Amino acid sequence: MKGTPGFVGARLKEAREARGLSATALAELLGVSRQAVSQYENDQQTPRPDIMQSIESILKLPPAFFWRPVEDHQPRAIFYRSMSAATKEARTRAERRYEWLREIAAYVRTFIQLPSVSFPSYCLAGNPQAIPMDAIEQLASEARAFWGLGDGPINNVVSLLENNGAIVTRSEIGADTLDSFSEYCKLDDIPYMFLGSDKKTAVRSRYDAAHELGHLLLHKDVRKALLTKKAEFKLLEDQAHRFAGAFLLPAHSFAEDLLAPTLDALLALKSKWRVAVQMMIHRGRDLHFISEETARRLYINLNRRKWRTREPMDDVLPCERPQLLRKAFEILVNERIQTRPEILAALPLAARDIEDLAGLEQRYLEEPPPVLNKIGVFRSGEKSSIRHDGPPGNVLDFPTKKNTFRRNAQMTQDEMEQAMNEGKEIECYIYKSPDAKTWTRSGRAFSYSERDQEFKDENRRLEAYKHATREASPSGAFRAYAFRVACFEKGQSPATFEDDASAHYPF
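Summarised in this report is the structure supplied together with it. (Residues numbered from 1 in each chain as written. Predicted model: local features only at pLDDT ≥ 70, side-chain atom pairs only at ≥ 80, totals over all residues. Heavy atoms only, no water.)

### Quick word on the overall build of the chain
Each helix and strand counted, the chain has 20 helices and nine strands in total. Across the 507 residues in the chain, those meeting the buried criterion constitute 50%. A separation threshold of at least 6 residues defines the contact pool for the chain, and within that pool the share at least 24 residues apart is 75%. Total accessible area on the chain is roughly 24700 Å²; 48% of this is exposed by carbon and sulfur atoms. (Helix = DSSP H or I, 4+ residues; strand = E, 2+ residues; numbered from the N terminus. Buried < 20%, exposed > 50% of the residue type's maximum accessible area, 1.4 Å probe, protein only. Contact = heavy atoms within 4.5 Å. Areas by Shrake-Rupley, 256 points an atom, 1.4 Å probe, with all protein chains shown as cover.)

Below you can see the structure in the form of structure tokens.
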């Protein structure tokens, strides 16, 4: 039977794992055998067109995703809180989405210069055994000094990382024991950080960022094989925990603030330092400000108050959300460097995945439907009755031929200037995208007097129409009706007119 030429089996496996599906589960959803899925993934066979459509629908990815070649990426150690077998599927899913994050970041960098990496560098030779805990206190202090943070609370850890070249995302990981992970990527020598959004508390997410920073600075050159050894893995985690505590709560400043080792005293410091009460107890014990007996008593009281999973102020303090990629995409779209369709063509991922990983609002990458100001509807040959300073004009017939419509609709600036010099205006379809800051107009020459006051300024007039018909359909769907320029009725310029009666017009 006919297959799907150009299909890349490794992409199917990548998509399946990114969606958290086993090969057996995908086979059941597709109505094929487990062996067929294996053959697809190993390039022994390609799916039939109908199966291919089901694959795209189930995995929610565009067809182009499955035609892309796979890049070879040899990862350094990726640091997780848990390497247990129970979290293997969640780690695989997270790593697949992390690969997509790197693709998104690489795409953005082709158009926008992101902050260069400016991280402190330590000569630790990739040997965690050679890093005593006391040295980690000093290394955390040096990191704060490197970035000029002083000894007070850090305003925003995520912004600090992004401003110094890290790519950070905050997305669902899907496992209780996988709060976050990070990697210093070999391909581009850029630190990446994936913060889990599963637990939506500001202090937890902030601590996760500091913990991953500890891994990136202390364990950049650690061999991946060490992560499979239980004792070494625990040491790496303990060191990252110690670094996070020292980075967020410098010993001297925290000691000055800690007036009494009580839960209420620690809670009073939470809004200032933006760390959890439990973390402050642990930090005080590391610094010997809080004895083991006092720490045990505090944890018992914490459980009695039911603060173990949810502390006071967790619902008040705002989460530190990554902004770098979101702002980059907004620049691409708002400055018209790339359109939404061009972004989706260059990044053949699901729009929802790009939006999630880049921190964009949902449906941001969808082409927004045009919103028209329905000021007046006229059939060709009728007179306009809308008030304006000049006499009413006749609505011109729209050509029926597709090519003619496009030629007349997509007038050049010179053609517009000539039409205006002949006493004509431009008949426009006026619409505004929900997220756009400017009106878009499309249409063709329309006979109006030169005395129209709103268009005395020729430069402004030409600027208003130089993008005419960019969004217009060439199908001839506009033939029957025309919308009069709104400013004639409202007495305002197109740049300042705000609609009070808008309608979606079916193209």
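### Observations regarding the packing of helix α14 (residues 324-334) against helix α16 (residues 351-358)
Interhelical geometry of α14 versus α16 gives an angle of 125 degrees and a closest axis separation of 7 Å. By the angle class used here, α14 and α16 are oblique. From α14, L325, R326 and F329 reach across to α16, where they touch I354, L357 and A358. A breakdown of the residues in the contact of α14 with α16 according to their chemical character gives five nonpolar, no polar and one charged. (Axes fitted to C-alpha atoms, helices over the stretch in contact; angles between N-to-C directions. Parallel < 35°, antiparallel > 145°, perpendicular 65-115°, else oblique. Nonpolar A, V, L, I, M, F, W, Y, C, P; charged D, E, K, R; others polar.)

### Side note on a nonpolar patch on the surface
A cluster of nonpolar side chains, F111, I331 and I337, forms an exposed patch at the surface whose accessible area comes to about 230 Å². Note that F111 resides in the loop between α5 (88-109) and α6 (133-146). On the basis of relative accessible area, F111 is assigned to the partly exposed category, the value being 35%. (Patch = residues over 30% accessible without salt bridge, like charges linked within 9 Å, V, L, I, M, F, W, Y side chains within 5 Å. Salt bridge = Lys/Arg side-chain N within 4 Å of Asp/Glu carboxyl O.)

### Focus on the packing of aromatic side chains
Inspection of the entire model under this criterion finds 13 aromatic pairs. Ring centres of F65 and F66 lie 5.2 Å apart, and the angle between their planes is 85 degrees; on these two criteria the pair is classed as edge-to-face. Exposure class is identical for F65 and F66. Each is buried. A network of ring pairs unites the aromatic residues F119, F146, W147, Y184, F243 and F247 as a single cluster. Residue placement shows R144 over the ring face of F247; its charged tip is 6.0 Å from the ring centre. (Phe/Tyr/Trp six-rings, centres within 6.5 Å; stacked < 30°, edge-to-face > 60°. Lys NZ or Arg CZ within 6 Å of the ring centre and 35° of its normal.)

### Describing the sheet that holds strand β3 (residues 190-196)
As summarised here, the arrangement of the three strands in space is β1-β3-β2, forming an open sheet in which the pairing is mixed. Edge positions in the sheet fall to β1 (167-171) and β2 (180-185), since each has one partner strand and no second. Geometrically, the sheet is characterised by an average inter-axis angle of 15 degrees between neighbouring strands, direction not taken into account. As defined by bridge partners, β2 adjoins β3 across six bridges and the pair is classed as antiparallel. Bridge pairing links Y184 to P191 in β3. Lying on the sheet, α16 is in contact with β1 and β3; it crosses β1 at an angle near 115 degrees. (Pairing = 2+ DSSP bridges.)

### Here's the deal with the side chain of K270
Looking at the secondary structure, you find K270 in helix α11 (residues 263-273). Contacts of K270, omitting those with residues within four sequence positions, involve V203, V275, A276, V277, M280, E311, P312, M313, D314 and L317.

### Digging into the pattern of salt bridges
Tallied over the full model, the rule gives 25 salt bridges. Residue D353 pairs with R19 through a salt bridge whose shortest N-O separation is 2.6 Å. Within this pair, whereas D353 is found in helix α16, its partner R19 is found in the loop between α1 (9-18) and α2 (23-30), the two being separated by 334 residues in sequence. For R19, a relative accessible area of 24% gives the class partly exposed. Where E292 meets R285, a salt bridge forms, and the shortest distance between an N and an O atom there is 3.8 Å. With relative accessibility at 54%, the residue E292 sits in the exposed group.

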